[in-house]
Amino acid sequence: MSRRATAEYLVSLDVGTSKVAAMIGELVASPNGTGRVRVIGLGTAPMRGLKKGVVVNIEHTVDSIRRAVEAAELMANCRVRAAHVGITGSHIKSLNSVGVVPIRHREISERDVEAVIEAASALAIPADQQVLHVVPQEYVVDGQEGIHDPVGMSAVRLEAKVHMVTGTLSAAQNLYKCVERCGLTVEKLVLQHLASSDAVLSPDERDLGVCVIDIGGGTTDIAVFKGGSIRHTAVVPIAGDLVTSDIAVAFRTPAQHAEQIKIKYGCALPELVQNDALIEVPSVGETPPRRLSRQMLAEVMRPRLEELFRYVRKELHRADVYDLIAGGVVITGGVAQTPGILELAEEVLEVAVRLGLPHDVEGIEEITRSPAYSTGVGLLLFAKQQKPVGTRSLSHASVGNWAGKVQGWLKGHF
Ligand SMILES: Nc1ncnc2c1ncn2[C@@H]1O[C@H](COP(=O)(O)OP(=O)(O)OP(=O)(O)O)[C@@H](O)[C@H]1O
Ligand SMILES: [Mg+2]
């Protein structure tokens, strides 16, 4: 069976610490005319080449990406050449900035908007860091706040508030290298937090104020929205892998068994364990397997997850955004599947917490049932925003322009 050419497809590559997920989507007509994304190919492969979201072994990373992409291509019966790729890691930094320009012709043009965003992003950043995103939060026109599309308005002064995201050049370059070694071009590098948020949030939540917590294997990515715009992003170095290693140490069992036990029997809150059946745990070395209770397993898991939510709470206070999240918290990522995690998060964060599953896609049901696919789906939605047709949100249109420039710059440095 011959494979189709792919120029019109949307392709996402979520290169995570635990797995790579490659998705191929196509745009289908929807009643409101903006188009919906139908996923026609999904491929996953376990990942061993990343630590805390950052490439540490090129060969392993390339191998996992290749396997995931091939599986997605096989399912979609097409060959892909470019993808939107997610990036995260402790090297990611974010800050809010403001820029101002005078309006010479008394009416704001698109060039004025570009100029004010450029002014807002003209900050000194360390030499090893590079700008990944400049996301407009809102514009202020002659003192009037909360404006999302100032083009065409009469004014003498335009101010832009933006959220800037930077990452180390080497981390981005290594990711580029791995993807390109698989014969793919990186269409855009997108912050994983922004992608996951796109996939799980409703416009109302973004408006009211919400915090998305994407708990993966290596990192926990946080994004706070309010008034329809991004306010804060952060990366927390505590996630599922640490829970697994706690179990491995506490029960003296190899990591792969600890991982299986966690997924099959794990619970974030000991008091929620109903069936306290005994679990057989293989030991290391010659020691015979032992039997341990689910209650004990939950008692090992709880402290690490509680530490994670305390860290998140501290970070929200540090960034002065805790009071913005009237819409509560949305938890997504693979660890969101742990029974009792929503209850534990509610207890520690003292806000309403819900599970975030990816929406706004169709085609493969498995995707919309798993929080581990939120980043991949978000990257597809991001790719959709970059298409010239259909409606675009203010922020993403601009992100595209800026991310595009940055990628061009980055590529020139290889
Ligand atoms: N059913 C489950 N119950 C509890 N934990 C789970 C379950 N399924 C997966 N996990 C955990 O989720 C984590 C992987 O999540 P995810 O696939 O979102 O990570 P990733 O995107 O590869 O990593 P990262 O985003 O940190 O780079 C692992 O720690 C895994 O043990
Ligand atoms: Mg992830």
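None of the values given here were measured: they were computed from a predicted structure.

### Focus: the packing of helix H6 (residues 240–250) against helix H8 (residues 294–318)
Interhelical geometry of H6 versus H8 gives an angle of 140° and a closest axis separation of 9 Å. Taken together, the axis directions place H6 and H8 in an arrangement best described as oblique. At the point where H6 passes H8, the crossing takes the right-handed sense. Counting all contacts with H6, which are made through Leu242, Val243, Asp246, Ile247 and Ala250, the residues of H8 involved are Leu297, Val300, Met301, Arg304 and Leu305. Split by residue class, the contact of H6 with H8 holds eight nonpolar, no polar and two charged.

### Quick word on the site of ligand 1
Not every one of the 20 residues close to ligand 1 is listed here, only the nearest: Thr17, Ser18, Gly218, Glu259 and Lys262. Residue Gly217 places a main-chain N or O atom 3.1 Å away from an oxygen atom belonging to ligand 1. One nitrogen or oxygen atom from the side chain of Lys262 is found 2.7 Å from an oxygen atom belonging to ligand 1. Its residues assigned to classes, the shell around ligand 1 shows three nonpolar, 13 polar and four charged.

### Quick look at the domain arrangement of the protein
Once the domains are mapped, the protein shows domain 1 (93–167) and domain 2 (240–301). Here the C-alpha centroids of domain 1 and domain 2 sit 50 Å apart.

### Some words on the pairing of strand E9 (residues 144–147)
Of the strand pairs in this sheet, strand E8 (residues 129–141) and E9 are connected by two bridges, and their pairing is antiparallel. Of the residues in E9, the one forming a bridge with Tyr139 is Ile147. Linking E8 back to E9 in an antiparallel pair, the connection comprises two residues, with Asp142 at a positive phi of about 45°.

### Observations concerning the pattern of salt bridges
Following the criterion strictly, the structure yields 23 salt bridges and no others. Ionic pairing is found between Arg291 and Glu280, a salt bridge with its closest N-O pair at 4.0 Å. Highlighted residues: Arg291 in strand E16 (residues 290–293) and Glu280 in strand E15 (residues 278–281), separated in sequence by 11 residues. Measuring nitrogen to oxygen at the nearest pair gives 3.0 Å for the salt bridge that ties Glu307 to Arg304. With Glu307 and Arg304 both in helix H8 and three residues apart, the pair spans about one turn of that helix.

Criteria and thresholds
- Residues numbered from 1 in each chain as written.
- Chains lettered and ligands numbered in written order.
- Predicted model: local features only at pLDDT ≥ 70, side-chain atom pairs only at ≥ 80, totals over all residues.
- Heavy atoms only, no water.
- Axes fitted to C-alpha atoms, helices over the stretch in contact; angles between N-to-C directions.
- Helix = DSSP H or I, 4+ residues; strand = E, 2+ residues; numbered from the N terminus.
- Parallel < 35°, antiparallel > 145°, perpendicular 65-115°, else oblique.
- Left-handed = near helix turned anticlockwise from the far one by under 90°.
- Contact = heavy atoms within 4.5 Å.
- Nonpolar A, V, L, I, M, F, W, Y, C, P; charged D, E, K, R; others polar.
- Near = heavy atom within 4 Å.
- Polar contact = N/O pair within 3.5 Å; in protein donor to acceptor, adjacent residues only side chain to side chain.
- Domains from an automatic or database assignment.
- Pairing = 2+ DSSP bridges.
- Salt bridge = Lys/Arg side-chain N within 4 Å of Asp/Glu carboxyl O.

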